[in-house]
Structure formats: C-alpha cells, structure tokens
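Listed below, chain by chain, are the residues.
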Amino acid sequence: MQLEWQGRYSRLVSALTKHSNIVSRALITRRDMGDGTMLSSQEFQVLENLISHEEETRIMLDIARSCGIPQGSMTKATKQLLNYGLIARYRIDGNRKSVVLRPTQKGKTFYNNFRDSEAITIFTDFFQQLEPLSDEQL
C-alpha cells in the first residue's frame, strides 16, 4: 500500500528514513578505535569538539549544543570518555553545578593517533571529490 500523502516521493522519503536510522545506530555503536578504546562516533565527536575548542571554558550544555546531541547523550559520552581518561572534568569556581570538560594529554594523543591512522584515510576520497568546488559552492 502506497502512502498517499507522500505521492511520487515515497521512495525518496523511505530512503531518507532508512539513512537516518542507519546513521542514528552508527552514532551510538561502539567500536575499537585503537588500543582497545571502545568509543561510539558520538563520543569521539565530543572528544574532537573539546580538542578543537581547548582554549575555551565551556560547560557541558554548550558542548552538547555544539555537537548537536541531547544532554542525556552528552552525559553518557562524558562518562565513557572519563572512564578512558581521555578527558577531565572541572568545576567553575563559585558554581558547583557547571561542569567544564577538557581533553587530557592522553585524549589528545589518542585523537592524534586515530586521525593519523584512520581519519585521514577515511576522508581522503571524499575531500578529493570536493576539491573542484569553490568555497561558495561548499
């Protein structure tokens, strides 16, 4: 039975829905990212975000918003990253509720090793295909 309201776009809507579900599952599935460190893509993105904004003092809510993830997911990601010693948690003086996260040296080394061994390889073809596009087109 075809969904009437989707009309001729039903196959496209179905494909987009399937893609979205695959991406959602992939974001939370943990895999060995080196040295037996099991992280999900979402957890890795939090670490990457912390490293790229290392000089800033941002609370967990700001980091979650920057990554586009819910607070509950941020809490779970933080717990996993803390367990591996990839990040450290600090409190702002005079504000016991606000938690600031920072990458540890171990976290930065882990990130750099993954970047050099896998991330660059994964994205090389993608970046090459985008090369002909101008900044405005991107």
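Just above sits the structure.
Residues numbered from 1 in each chain as written. Predicted model: local features only at pLDDT ≥ 70, side-chain atom pairs only at ≥ 80, totals over all residues. Heavy atoms only, no water.

## So, the overall build of the protein
In plain terms, the rule: Each helix is a run of DSSP H or I of at least 4 residues and each strand a run of E of at least 2, with the numbering of both proceeding from the N terminus. Throughout, the radius of gyration refers to the C-alpha atoms, and the reference size of a globule is 2.2 Å times the residue count to the power 0.38. Only protein chains enter the calculation, and the probe is 1.4 Å; a residue is then buried if its accessible area is under 20% of its type maximum, exposed if over 50%, and partly exposed in between. Whether two residues are in contact is decided by their heavy atoms, any of which lying within 4.5 Å being enough.
Check the secondary structure of the protein and you find 5 helices and 4 strands. Ordered by position in the sequence, the α and β elements of the protein form the string α-β-β-α-α-α-β-β-α. The C-alpha radius of gyration computed for the protein amounts to 19 Å, which surpasses the reference 14 Å derived for 138 residues by more than 25%, pointing to a less compact arrangement than a globule. Taken along its principal axes, the extent of the C-alpha atoms in the protein is 60 × 35 × 35 Å. By residue count, 28% of the 138 residues in the protein fall in the buried class. Nonlocal contacts in the protein, meaning residues at least 24 apart in sequence, comprise 45% of its contacts between residues at least 6 apart.

## So, the environment of aspartate 62
If you trace the backbone, aspartate 62 turns up in helix 3 (residues 60–67). For aspartate 62, a relative accessible area of 33% corresponds to the partly exposed category. Taking the C-alpha atoms as reference, aspartate 62 lies 9.7 Å from valine 100; in sequence the two are 38 residues apart.

## Side note on the pairing of strand 3 (residues 87–92)
Test applied: Only strands joined by at least two bridges in the DSSP assignment are considered to pair.
Bridge count for strand 3 against strand 4 (residues 95–103) is 6 bridges, and the pairing is antiparallel. By the bridge assignment for strand 4, arginine 91 is matched with valine 99. The antiparallel hairpin formed by strand 3 and strand 4 contains 2 residues in its connecting segment, where glycine 94 sits at a positive phi of about 80°.

## Side note on the side chain of glutamine 42
Here glutamine 42 is to be found in helix 2 (residues 41–52). Not counting the four nearest positions on each side in its chain, glutamine 42 is found in contact with Leu27, Ile28, Ile69 and Ser73.

## Digging into the packing of helix 1 (residues 10–28) against helix 2
Helix-helix packing is described using two parameters, namely the angle between the two axes and the distance between the axes. Just so we agree on the cut-off: Axis lines are fitted through C-alpha atoms, for helices just across the contact stretch, and the angle between N-to-C directions can take any value from 0 to 180 degrees. Oblique is the label for every angle not falling under 35 degrees (roughly parallel), over 145 degrees (roughly antiparallel), or within 65 to 115 degrees (roughly perpendicular). Side-chain classes are defined by residue name, with Ala, Val, Leu, Ile, Met, Phe, Trp, Tyr, Cys and Pro counting as nonpolar, Asp, Glu, Lys and Arg as charged, and the others, Gly among them, as polar.
Running from amino to carboxyl end, helix 1 crosses helix 2 at an angle of 65°, the nearest separation of the two axes being 5 Å. What the angle tells us is that helix 1 and helix 2 run roughly perpendicular. Across from Ala26, Leu27 and Ile28 in helix 1, the residues of helix 2 making contact are Ser41, Gln42 and Gln45. Among the residues making up the contact of helix 1 with helix 2, the classes are represented as 3 nonpolar, 3 polar and no charged.

## Looking at unusual backbone geometry
Here the phi dihedral of aspartate 35 falls at roughly 60°; this positive angle occurs in a residue that is not glycine. Assignment of secondary structure puts aspartate 35 in the loop between strand 1 (31–32) and strand 2 (38–39). Residue class for aspartate 35 comes out exposed when judged on its relative accessible area of 78%.

Bear in mind that shape data such as this cannot, by itself, settle questions of function.
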